Amino acid sequence: MPLPKAELHLHIEGTLEPELAFALAARNGIALPYADAEELRHKYRFSDLQSFLDLYYELMAVLRTEDDFADLAEAYLTRAAAQGVRHAEVFFDPQAHLARGVEMATVVDGLARALEGAPERHGVSTRLIMCFLRDESAESAAATLDAARPHLDHITGVGLDSAEVGHPPSKFREVYEKAANLGLRRVAHAGEEGPPAYITEALDVLGVERVDHGLRSVEDPDLVARLVRDRVPLTLCPLSNVRLRTVDVLADHPLRAMLEAGLMATVNSDDPAYFGGYADDNFHAVREALGLTDDQLRELARNSFLAAFLDDDEDLRKA
Ligand code: HPA
Ligand code: ZN
C-alpha cells in the first residue's frame, strides 16, 4: 500500500500520456507529427526546462473541448489514487489554451467536472490553481486573471510557471496583489533553474505561502535558515529535476540534506507523463537513491498534508 499523501505540484497538462494525446488528436481531427505513441515517447529526452516546455506546449494542441480537459483530469486522478494520493492541488496554464482559441470556460468547466467528482470516484479531494506563464507579459497575466473572474468558485489560488531565468517574480507583483485581494492563495515556481534570489522575491514581493521547487535555496544558507524558521513548504519534484538536468543523478539530489536541515520538504511529480513517474514513483525513487528512512518518508507525507490548502474540517491524514 502506498503511503497516503497530498500532491501539491502537478501540472495537469503534464499528465498527458502519449496514448491519450493520440486518442484526443484522433477525436479532434488533429495530425500529430509522430508515427505513434511509441515514437512520441522517444522524444521525452530533455536537456533543460525549455526543451521540455517546447514539447509540452506543442502537445497541448490536442486539448480542445471540455470533454478533453475532463478526460485528461480523470486519467490523472485514476493514476494518482492508485499511488496513494488523497488530495491533489492541480495546476493549469490558461494562457497556453487561450492563445490557441480555447476559452477559459472550456478549460475550467472540463477540469472542474472531473475534479469535483473525484472524492466519490477516487477518494481524492482537490483544488485548482491557475498559473501565469512568466515568459509572457505582466499585462497578459492581468488579463488572464480578469478572464478567470467568472470562474473563481472553482479556483483556489494562483501560481507562476514556464521559463524561469530572466523572468523574476517581481515582474508579477501587481497581479499577485490583485489575486490576494480576490481571496486567492498564492504559490510560485522559484529556484528550479533560477537563482535563490528568485525564492526570496517570491516570498517578499508576491507573498507566496509555498515555493514550488525551491531547489536552489540550498545555495544560500541565510535563505535556508529563513525557510526553516518560517516553516515555508517547498514542493520538490525529484524525477523532474533529473529529467530536466537540474541535478545529474537522483543520488545527488539535496532532498535528504534538506530534510535533515529542517526544511519543510514535500515530494511531487510535476509533469509525470513526461518525467517518468507519478507521486509514489517519486517517493520510491528517492527512498532507493537517497536511502531515506521510513520516518523520513512519513515526514514527507505529513508535510504534504500540512502544506495543503485544506480546510480545518478536511483532515485527510486520518483517512
Ligand atoms: N517548470 C516550469 N514550468 C512548468 C513546468 C516546470 O517543471 N511544468 C510545466 N510548466
Ligand atoms: Zn512545475
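Residues numbered from 1 in each chain as written. Chains lettered and ligands numbered in written order. Predicted model: local features only at pLDDT ≥ 70, side-chain atom pairs only at ≥ 80, totals over all residues.

## Quick word on the pairing of strand S2 (residues 85-92)
By the criterion of burial, S2 is predominantly enclosed, with 8 of the 8 residues buried. Pairing geometry for strand S1 (residues 5-11) and S2, over 5 bridges, is parallel. By the bridge assignment, His11 is partnered in S2 with Phe91. (Buried ≥ 20, exposed ≤ 12 C-beta atoms within 10 Å, placed from the backbone. Helix = DSSP H or I, 4+ residues; strand = E, 2+ residues; numbered from the N terminus. Pairing = 2+ DSSP bridges.)

## Comments concerning the nonpolar core
Among the nonpolar cores identified, the biggest contains 91 residues, and Ile12, Ala73, Val90, Phe92, Leu111, Ala202 and Ala265 are the most heavily contacted of them. Those residues in contact with Ile12 that lie beyond four places of it in its chain are Leu72, Ala73, Tyr76, Val90, Phe91, Phe92 and Leu111. (Core = buried A, V, L, I, M, F, W, Y, C linked by C-beta atoms within 7 Å. Contact = placed C-beta atoms within 7 Å.)

## Brief notes about helix H15 (residues 279-290)
With 12 residues, H15 ought to run about 16 Å at 1.5 Å a step, and its terminal C-alpha atoms sit 17 Å apart, in line with that. Taken residue by residue, H15 has Ala279, Asp280, Asn282, Phe283 and Val286 as its buried positions. Down the axis of H15, the sector holding all buried residues measures 155 degrees, keeping them to one side. Just past H15, the residue Gly291 takes up positive phi, approximately 60 degrees. (Expected span 1.5 Å × (residues − 1). Arc of directions from axis to C-beta.)

## Notes on the UniProt feature "active site" (unreviewed entry) in the chain
Feature annotation in UniProt places "active site" (unreviewed entry) on Glu192, given in this structure's numbering. Inspection of the secondary structure assignment puts Glu192 in the loop between strand S5 (185-190) and helix H10 (196-204). Setting aside residues up to four positions removed in sequence, Glu192 forms contacts with Leu49, Glu164, His213, Leu215 and Thr246. (UniProt positions renumbered as here; feature names shortened; annotations may be inferred.)

## Here we look at helix H1 (residues 18-27)
Those residues of H1 not exposed but buried are Pro18, Leu20, Ala21 and Leu24. Take H1 and look down its axis: the buried residues cluster within an arc of 160 degrees, on one side only. In this fold, the buried residues of H1 make contact with helix H2 (37-41), helix H3 (49-59) and helix H4 (66-82). Once H1 ends, the next one or two residues include Gly29, with phi positive near 65 degrees.

## A look at the UniProt feature "binding site: substrate" (unreviewed entry) in the chain
Taking the numbering used here, the UniProt-annotated feature "binding site: substrate" (unreviewed entry) corresponds to Asp271. Summarising the element assignment, Asp271 is placed in the loop between strand S8 (264-267) and helix H14 (272-275). If we skip the residues at most four places from it in the chain, Asp271 touches His11, Gly14, Tyr56 and Ser240.

## What to know about the environment of Asp146
Positionally, Asp146 belongs in helix H8 (residues 138-148). Classification of Asp146 as exposed rests on a count of 12 C-beta atoms within 10 Å. Between the C-alpha atom of Asp146 and that of Lys178, which follows or precedes it by 32 residues, the distance is 9.8 Å.

## So, the sheet that holds strand S4 (residues 157-161)
Strand order in this open sheet of 8 strands is S1-S2-S3-S4-S5-S6-S7-S8, and the pairing throughout is parallel. Taken across any chain shown, the strands that pair with only one partner, and hence form the sheet edges, are S1 and S8. The mean angle between the axes of side-by-side strands here comes to 25 degrees, regardless of whether they run parallel or antiparallel. Here 4 bridges tie strand S7 (residues 233-236) to S8, and the two strands are oriented parallel to one another. The partner of Leu236 across the bridge, within S8, is Val267. Against the sheet, H10 makes contact with S5 and strand S6 (210-213), and its axis sits at roughly 170 degrees relative to S5, the strand it touches most. (Axes fitted to C-alpha atoms, helices over the stretch in contact; angles between N-to-C directions.)

## Focus: the site of ligand 1
The full set of residues close to ligand 1 is His11, Gly14, Leu49, Tyr56, Asp161, Ser162, His189, Glu192, Ser240, Asp270 and Asp271. Of the residues in the shell around ligand 1, the class split is 2 nonpolar, 5 polar and 4 charged. (Near = placed C-beta within 6 Å. Nonpolar A, V, L, I, M, F, W, Y, C, P; charged D, E, K, R; others polar.)

## What to know about the pairing of S4
Burial runs high along S4: 5 of the 5 residues are buried. Covered by surrounding structure in S4 are Gly157, Gly159 and Asp161 together with Val158 and Leu160, the residues of both alternating faces. In the sheet, strand S3 (residues 125-133) pairs with S4 via 5 bridges, with the strands oriented parallel. Looking at the pairing, Leu133 lines up with Asp161 of S4. Taken together, the 2 bridges between S4 and S5 define a ladder with parallel strand orientation. Bridge assignment links Gly157 to a residue of S5, and that residue is Arg185. The parallel pair S4 and S5, bridged by helix H9 (residues 173-181), forms a crossover whose chirality is right-handed. (Right-handed = clockwise from strand over helix to strand, strands pointing away.)

## Some remarks on the environment of Leu250
Within the secondary structure, Leu250 sits in the loop between helix H12 (238-243) and helix H13 (255-260). Once the C-alpha coordinates of Leu250 and Pro238 are considered, the two residues, 12 residues apart in sequence, prove to be 7.1 Å apart. In this structure Leu250 touches Pro238, Val242, Ala285, Val286 and Ala289, once residues within four positions along its chain are discounted.

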